[in-house]
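Close look at the chain arrangement
Here is how the chains run, residue by residue.
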Amino acid sequence: MATEGGGKEMNEIKTQFTTREGLYKLLPHSEYSRPNRVPFNSQGSNPVRVSFVNLNDQSGNGDRLCFNVGRELYFYIYKGVRKAADLSKPIDKRIYKGTQPTCHDFNHLTATAESVSLLVGFSAGQVQLIDPIKKETSKLFNEENSCQHLWKVDWNEERENEGSKTSEEALVTVQRLIDKSRVTCVKWVPGSESLFLVAHSSGNMYLYNVEHACGTTAPHYQLLKQGESFAVHTCKSKSTRNPLLKWTVGEGALNEFAFSPDGKFLACVSQDGFLRVFNFDSVELHGTMKSYFGGLLCVCWSPDGKYVVTGGEDDLVTVWSFGDCRVIARGHGHKSWVSVVAFDPYTTSVDESDPMELSGSDEDFQDLLHFGRDRANSTQSRLSKRNSTESRPVSVTYRFGSVGQDTQLCLWDLTEDILFPHQPLSRARTHTNVMNATSPPAGSTGNSVTTPGNSVPPSLPRSNSLPHSAVSSTGSKGSIADGAIASGVSKFATLSLHDRKDRHHEKDHKRNHSMGHISSKSSDKLNLVTKTKTDPAKTLGTPLCPRMEDVPLLEPLICKKIAHERLTVLIFLEDCIVTACQEGFICTWGRPGKVVSFNP
């Protein structure tokens, strides 16, 4: 276990913490887990993951929760901060034999009170489409035969009498024709009812359509586009079949990907330590970034699509500017690998020094007084408004969080003095070391780059990075930072250069890190990606991977040990924060002022 200072008090698990907005409290009665509440023996198992969906039913309790623990998959009504969790009656429970669930994602566009589409990825490479409300298994992808012949479903009569059913599903060992490696990430394409994207530990991604078959023979591919360390192939066949596209990205496992808020760009992180951001429709590489060392494990977008945050085996969180294609800050708080990063759209704030100068209705200003969905929607409109009022003093603070294998939760504030370091300051603030003078200021690149986030589907999924449309071009003529003033929380944002060097040398890593180059086992002869290993020494000190002293180093607002085992989930919801650890416990942390009364 990671501790701070080695003291007994530092090693205790925290049940509450305080930030500038108030007190966050762990709600023990809102904890979800396996029905017996016994800690899961996590040795050799895949990470516990959590997915949410809102069914918008008339009962006012439309939130649903899905999580995997070992070879089990659970589907519950999520009661959040309102009522205690009832673990005795899952809506659906499935136990898999021969493989384990690794990740899952709901389709928020098609979800209703009577039906919901859930994609589940597995350790043996399959992807299953199920409906946990109807308790149906509709399709199985990446298998030789149709799913009806592959899955044996036995309903447990005792569970059925209790009002719920347990599905025992046995996977027949057959040839997986598309990819034999573990599924690392699966997500529906934003705005689509049928397209979804799947990443594998082989380093490949595949685009599927649920309405198309996978075929009975191995797919043949034709090169569509090739670039630096990536290639995209189409499936060559007489009739349309899955997969529609095959992406080969970097070296080693592709650990996670995330769509931009408007769905136009795709950020991928790989075991080779690279972040790669693509234009999803044109299949063009927009920009790259290299970790300080080791693989990158997680990635997320800011609610306005202007920044990408990554975490990985260098124990750091790294903030990358989409418009400038460069690292603008790193965060040091974890003492082991960072497993999840996520922005909090409900706490991201925009403050105007003179609201009378801004256009907009009185309701816009009242929204600043509230948290929740209204606050988040107001924030996105204000982030957009900021670009149209560049000459007026506006201050932006982005809140994001991270959890890691050190069992710690960290919260971070990304403030104006980091985002716009060349802007004259109107008040004293903590000393900040910024990029070299030769580096372009934020928002002033030579080429006009449109920030993802200008348009977004009306349905907003509740996930690690909630889609919120917001900003216009970051490459506009005037600097986006003109007239910016200091944020009131800038004292949390940075360390001095001297402090950073001391902390960096004192840091004691608990494990030996490597670049983690994992060779792909794919026998596809059309894979034309050049497998040339990148020398870390040649990237360090370049814009691809700046040295530690060349960019600001963030300090976390809070850094608390909240679990016994490594943390694998961090999701920001309207009235709470949801975390989960590898023991299989899903915890709810009530936001300040959101837990008025608790009804068991």
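Residue positions within a chain follow its written sequence, with the count starting from 1. In view of the model being predicted, local features appear only for residues whose pLDDT reaches at least 70, and side-chain atom pairs are presented and counted only at 80 or more, with totals across whole chains, interfaces and linings using the full set of residues. Side-chain measures were taken over the full set of non-hydrogen atoms in the model, leaving aside hydrogen atoms and water.

The protein chain is annotated in an unreviewed UniProt entry as WD repeat-containing protein 20 isoform X1 from Lipotes vexillifer.

Digging into the packing of aromatic side chains
Aromatic pairs are defined between Phe, Tyr and Trp rings, using the six-membered ring for Trp, whenever the two ring centres lie within 6.5 Å; interplanar angles under 30 degrees are classed as stacked, those over 60 as edge-to-face, and all others as tilted. Enumeration according to the criterion identifies 26 aromatic pairs in this entry. Between Tyr74 and Tyr76, the ring centres sit 6.2 Å apart and the planes meet at 20 degrees, which makes this aromatic pair stacked. Summarising the burial analysis for this pair, Tyr74 and Tyr76 share the class buried. Consider the rings of Trp301 and Phe322, whose centres lie 5.7 Å apart with planes at 50 degrees: the pair is tilted. Of the two residues, Trp301 sits in strand β23 (residues 296-301) while Phe322 sits in the loop between β25 (316-321) and β26 (326-332), which places them 21 residues apart along the sequence. Comparing Trp301 with Phe322, the two get one shared label, buried. Joined through ring pairs, the aromatic side chains of Tyr32, Phe52, Phe67, Tyr74, Tyr76 and Tyr78 make up one cluster. Throughout, exposure labels follow a simple rule: accessible area from a 1.4 Å probe, protein chains only, divided by the maximum for the residue type, with under 20% read as buried, over 50% as exposed, and the rest as partly exposed. What counts as a helix is a DSSP run of H or I of at least four residues, what counts as a strand is a run of E of at least two, and both are numbered from the N terminus.

Let's talk about the pairing of β23
For β23, a buried count of six out of six residues is recorded, marking the element as mostly surrounded by other parts of the structure. Strand pairing is assigned whenever DSSP detects at least two bridges linking the two strands. The turn joining β23 and strand β24 (residues 307-312), which pair antiparallel and follow one another in sequence, is formed by five residues; a positive phi near 75 degrees is taken by Gly305.

Some words on the pattern of salt bridges
Salt bridges are defined as contacts in which a side-chain nitrogen from Lys or Arg sits within 4 Å of a carboxyl oxygen from Asp or Glu. Under the definition given, this model contains 10 salt bridges. With its nearest N and O atoms 2.9 Å apart, the salt bridge here joins Arg591 to Asp344. Of this pair, Arg591 sits in the segment after β35 (586-590) while Asp344 sits in the loop between β27 (338-343) and β28 (349-352), and the two are 247 residues apart along the sequence. Take Arg591 and Asp344: they sit in the same class, and that class is buried.

Points about the sheet that holds strand β34 (residues 576-581)
The strand order β1-β2-β35-β34-β33 describes an open sheet built from five strands, whose pairing is antiparallel. Sheet topology places β1 (16-19) and β33 (567-572) at the edges, where each strand pairs with a single neighbour. Averaged over neighbouring strand pairs, the angle between their axes works out to 20 degrees when direction is ignored. Sheet analysis places β34 next to β35, joined by five bridges and oriented antiparallel. The partner of Ile577 across the bridge, within β35, is Trp589. To obtain each axis, a line is fitted to C-alpha atoms, and for helices this fit is confined to the stretch in contact; angles are then taken between N-to-C directions over 0 to 180 degrees.

Comments concerning the sheet that holds strand β22 (residues 284-290)
In sheet architecture, strand pairing relies on hydrogen bonds along the backbone and comes in two forms, parallel and antiparallel. What the four strands build is an open sheet, ordered β19-β20-β21-β22; its pairing is antiparallel. Every other strand in the sheet has two partners, leaving β19 (254-259) and β22 as the edge strands with one partner each. Each strand axis lies, on average, 20 degrees off the axis of its neighbour in the sheet, ignoring direction. Judged from the five bridges that link them, strand β20 (residues 265-270) and strand β21 (residues 274-279) form a sheet pairing that is antiparallel. The partner of Phe265 across the bridge, within β21, is Asn279.

Looking at the UniProt feature "repeat: WD" (unreviewed entry) in the protein chain
UniProt positions are given in the numbering used here, feature names are shortened, and annotations may be inferred rather than shown by experiment. UniProt records the feature "repeat: WD" (unreviewed entry) at residues 289-321, using the numbering of this structure. Taken as a whole, residues 289-321 contains 0% helix and 61% strand, while its terminal C-alpha atoms sit 10 Å from one another.

What about the pairing of strand β30 (residues 408-414)?
Of all seven residues making up β30, seven are buried, and the element is well covered by its neighbours. Residues Gln408, Cys410, Trp412 and Leu414 line one face of β30 and the alternating positions Leu409, Leu411 and Asp413 line the opposite face, and both faces are buried. Where β30 meets strand β32 (residues 558-561), four bridges bridge the pair, whose relative direction is antiparallel. Bridge pairing in β32 places Leu411 opposite Ile558.

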